[in-house]
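Next come the chains, spelled out residue by residue.
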Amino acid sequence: MMVTACGPDETADNDRFSLVNEEINDVPVKTQIEQHVVAQGVPTKSELETEILKRFRAAGKRSGFRYHDSPTNIYIYVYGSKEQARAEQGLWIAMLAKNYSDTGEPPVLIDEGRLAALSKAPEDRFGLSEDVRKTVFKECVEAENRASREAMERIPDSRLTEQTSLGNELTEKYNAQLAAKHSINRDQLVEIQVEGFTKGWLRQ
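All figures in this text were calculated on a predicted structure; none of them were measured in a lab.

### As for the layout of surface pockets
(1) Moving on: In this model, the largest pocket occupies a volume close to 650 Å³.
(2) Moving on: Around the largest pocket, the lining comprises 24 residues; the ones closest to its centre are Gln 84, Ala 117, Leu 118, Glu 130 and Lys 199.
(3) Moving on: Looking at the lining of the largest pocket, the elements that each hand over two or more residues are helix H2 (82-87), helix H3 (112-117), helix H4 (130-154) and helix H6 (186-199).
(4) Moving on: For the lining of the largest pocket, the class distribution of residues is 7 nonpolar, 7 polar and 10 charged.

### Some remarks on the pairing of strand S4 (residues 73-79)
(1) Moving on: Of all 7 residues that make up S4, 7 are buried, and the element is covered over most of its length.
(2) Moving on: Covered by surrounding structure in S4 are Asn 73, Tyr 75, Tyr 77 and Tyr 79 together with Ile 74, Ile 76 and Val 78, the residues of both alternating faces.
(3) Moving on: Here strand S3 (residues 30-39) pairs with S4 via 7 bridges, running parallel. When the sheet's bridge partners are listed, Glu 34 is paired in S4 with Tyr 75.
(4) Moving on: Note that S4 and strand S5 (residues 94-98) share 5 bridges and pair antiparallel. Paired with Tyr 75 across the bridge in S5 is Ala 97.

### Here we look at the packing of H4 against H6
(1) Moving on: Closest axis-to-axis distance for the H4/H6 pair is 9 Å, and the angle between their directions is 95 degrees. Viewed along their axes, H4 and H6 adopt a mutual orientation that is roughly perpendicular. Contacts between H4 and H6 involve Glu 130, Arg 133, Val 136, Phe 137 and Cys 140 from the former and Leu 189, Ile 192, Gln 193, Glu 195, Gly 196, Phe 197 and Lys 199 from the latter.
(2) Moving on: In terms of residue class, the contact of H4 with H6 is made up of 6 nonpolar, 2 polar and 4 charged.

### Observations concerning the pairing of S5
(1) Moving on: Counted residue by residue, S5 has 4 buried out of 5 residues, so it is predominantly covered.
(2) Moving on: Where S5 lies against strand S6 (residues 109-110), 2 bridges are found, and the strand directions are antiparallel. Across the sheet, the residue bridging to Met 95 is Leu 109, located in S6.

The rules we used
- Residues numbered from 1 in each chain as written.
- Predicted model: local features only at pLDDT ≥ 70, side-chain atom pairs only at ≥ 80, totals over all residues.
- Heavy atoms only, no water.
- 1 Å grid on protein atoms, 1.4 Å probe; cavity = no way out; pocket = protein on both sides within 12 Å on 5 of 7 lines; lining within 4 Å.
- Points joined across faces, edges and corners; volume = space filled by probe spheres on them.
- Helix = DSSP H or I, 4+ residues; strand = E, 2+ residues; numbered from the N terminus.
- Nonpolar A, V, L, I, M, F, W, Y, C, P; charged D, E, K, R; others polar.
- Buried < 20%, exposed > 50% of the residue type's maximum accessible area, 1.4 Å probe, protein only.
- Pairing = 2+ DSSP bridges.
- Axes fitted to C-alpha atoms, helices over the stretch in contact; angles between N-to-C directions.
- Parallel < 35°, antiparallel > 145°, perpendicular 65-115°, else oblique.
- Contact = heavy atoms within 4.5 Å.

What follows is the structure, encoded as structure tokens:
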């Protein structure tokens, strides 16, 4: 049974952290709380640890579930932006995971690279500003969707191998056009695609 809330959440948002999504899965094998939180600005490691542990302890006190007296599994993720939180690609800067069999307080894990990246000003790459690279990334996604759609229109699903081959061929064609449009090469286009997925631009 999936619910959106069960029992009072004693952890209020503050000017440094805000909850963007919570899911509670209350089933016979486990009662799980999963929270996705966004940090405002650039938090320190100490702030991240304090916030996550505060939310973990508050979650552990919640009650009123159907199958267990208290949560058996708790997962808390903190992100540097709402876009990263909504990307659903594991782009957290800090997290905590308590599984069913775990005892005691689990450690807070921090991704040093992503945390450091929050303090870096957007930079130009390949002669393109970050805003322009975001546009290029979205155009790449649209090109791939267009290629897939056209391949399905031209070749039936009964010939899936041919359909997939045509889709790949059209994607390469449209990506080459995009690279030429923005005066970059194919490798640079791939780097922008990787950057877009890493930074969660897909949901912006």
